[in-house]
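Chains, contacts and geometry: an overview
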Amino acid sequence: MSISRLLAWSALAAGTSGLAWASLAKGLPLSLTEVLGFATGAACVLLVIDESIWNFPVGIANNAFFLALFWSARLYGDMTLQVVYLALAAAGWWRWARGTGKGEDLPVSRSPRAESLAAGVIGASATAGLFAWFVRIGDAAPALDALTTVLSLTAQWLLNRKRIENWYFWMAADVLYVWLYVSRGLYLTALLYAVFIVLCLVGLRRWTVTLAPA
């Protein structure tokens, strides 16, 4: 393990321990669920950057913690998103484990033009539909919740296929998530997504190095 990776994992472990203690001691207005969501979320992204298949089980644990957190915050879109993520994570886990089907790891690649176009059309339609639904059920932030839900689902689908474009969708969603969670008082989660933006830039740079030729 490189020095930079060791420092990143050490910082995550130390930060998680400190936040967990502060939560249990009531030193900060944080729930233990939010702290565990922070830890598993950051760990998942670090594993994705390294193209490690273990990002999927860690991501599933993260989904469970955030499902409980978002239920309490009345962010129904994000709550439902965690359930969908569980299915997508299982599918991605299988896809990465299967690789190319020829005994080789699934390579990093670019999304074909037709695939990108389809994702854009379906994403726009899904955002409009979700917005109408979230308004109807009394979601706390229907427009942002709908848009970030669709961006995140698209990003996860691209990640499952190891498309390099997944990083752009994650970054777009993360910028919006920072604002959304600050507005809902979920400051630690907002900080986590701010960190995600930085990690996405690192991941994009690293995946670009290993990008398969077109």
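Bear in mind that the values here come from a model prediction, so they are computed numbers and not experimental data.

What follows concerns the overall build of the protein chain. For the protein chain, the count of helices and strands is eight helices and zero strands. Starting at the N terminus and walking to the C terminus, you meet the elements of the protein chain as α-α-α-α-α-α-α-α. Taken over C-alpha atoms, the radius of gyration comes to 17 Å for the protein chain, in line with the 17 Å a tight globule of 214 residues would show. Seen through its C-alpha atoms, the protein chain measures out along the principal axes to roughly 50 × 45 × 25 Å.

This part takes up helix α2 (residues 32-49). Here α2 contains 18 residues, and its C-alpha end-to-end distance of 26 Å stays within 8% of the 26 Å for a straight helix at 1.5 Å per residue. Extensive coverage of α2 is indicated by the burial of 15 of its 18 residues. With its phi angle positive at about 55°, Glu51 sits one or two positions after the end of α2.

Turning our attention to the side chain of Ser109. The topology assignment puts Ser109 in the loop between α4 (76-98) and α5 (113-137). There is a polar contact of 2.7 Å between the side chain of Ser109 and the side chain of Arg163. Excluding residues that lie within four positions of it along the chain, Ser109 makes contacts with Arg161, Lys162, Arg163, Ile164, Glu165 and Leu211.

So, about the nonpolar core. Core analysis: the biggest nonpolar cluster contains 51 residues, and Phe70, Trp167, Tyr181 and Trp207 have the highest contact counts within it. Every element with two or more residues in this core is listed here: α1 (3-24), α2, α3 (55-73), α4, α6 (142-160), α7 (166-183) and α8 (187-209). Contacts of Tyr181, omitting those with residues within four sequence positions, involve Phe70, Leu75, Asp78, Leu186, Tyr187, Thr189, Ala190 and Tyr193.

Attention now goes to the packing of aromatic side chains. With the rule as written, the count across this model stands at eleven aromatic pairs. Judged by centre distance (6.3 Å) and plane angle (50°), the ring pair of Tyr85 and Trp170 falls under tilted. In this pair, Tyr85 is assigned in helix α4 and Trp170 in helix α7, connecting sequence segments 85 residues apart. For Tyr85, a relative accessible area of 8% translates into the label buried. Overall, the relative accessible area of 15% leaves Trp170 in the buried class. Aromatic rings pair up to connect Phe66, Phe70, Tyr177, Tyr181, Tyr193 and Phe196 into one cluster. Over the face of the ring belonging to Trp96 we find Lys162, whose NZ or CZ atom lies 4.6 Å from the ring centre.

Quick notes on the rules
Residues numbered from 1 in each chain as written. Predicted model: local features only at pLDDT ≥ 70, side-chain atom pairs only at ≥ 80, totals over all residues. Heavy atoms only, no water. Helix = DSSP H or I, 4+ residues; strand = E, 2+ residues; numbered from the N terminus. Rg over C-alpha atoms; globule rule 2.2 N^0.38 Å. Expected span 1.5 Å × (residues − 1). Buried < 20%, exposed > 50% of the residue type's maximum accessible area, 1.4 Å probe, protein only. Polar contact = N/O pair within 3.5 Å; in protein donor to acceptor, adjacent residues only side chain to side chain. Contact = heavy atoms within 4.5 Å. Core = buried A, V, L, I, M, F, W, Y, C linked by side-chain atoms within 4.5 Å. Phe/Tyr/Trp six-rings, centres within 6.5 Å; stacked < 30°, edge-to-face > 60°. Lys NZ or Arg CZ within 6 Å of the ring centre and 35° of its normal.

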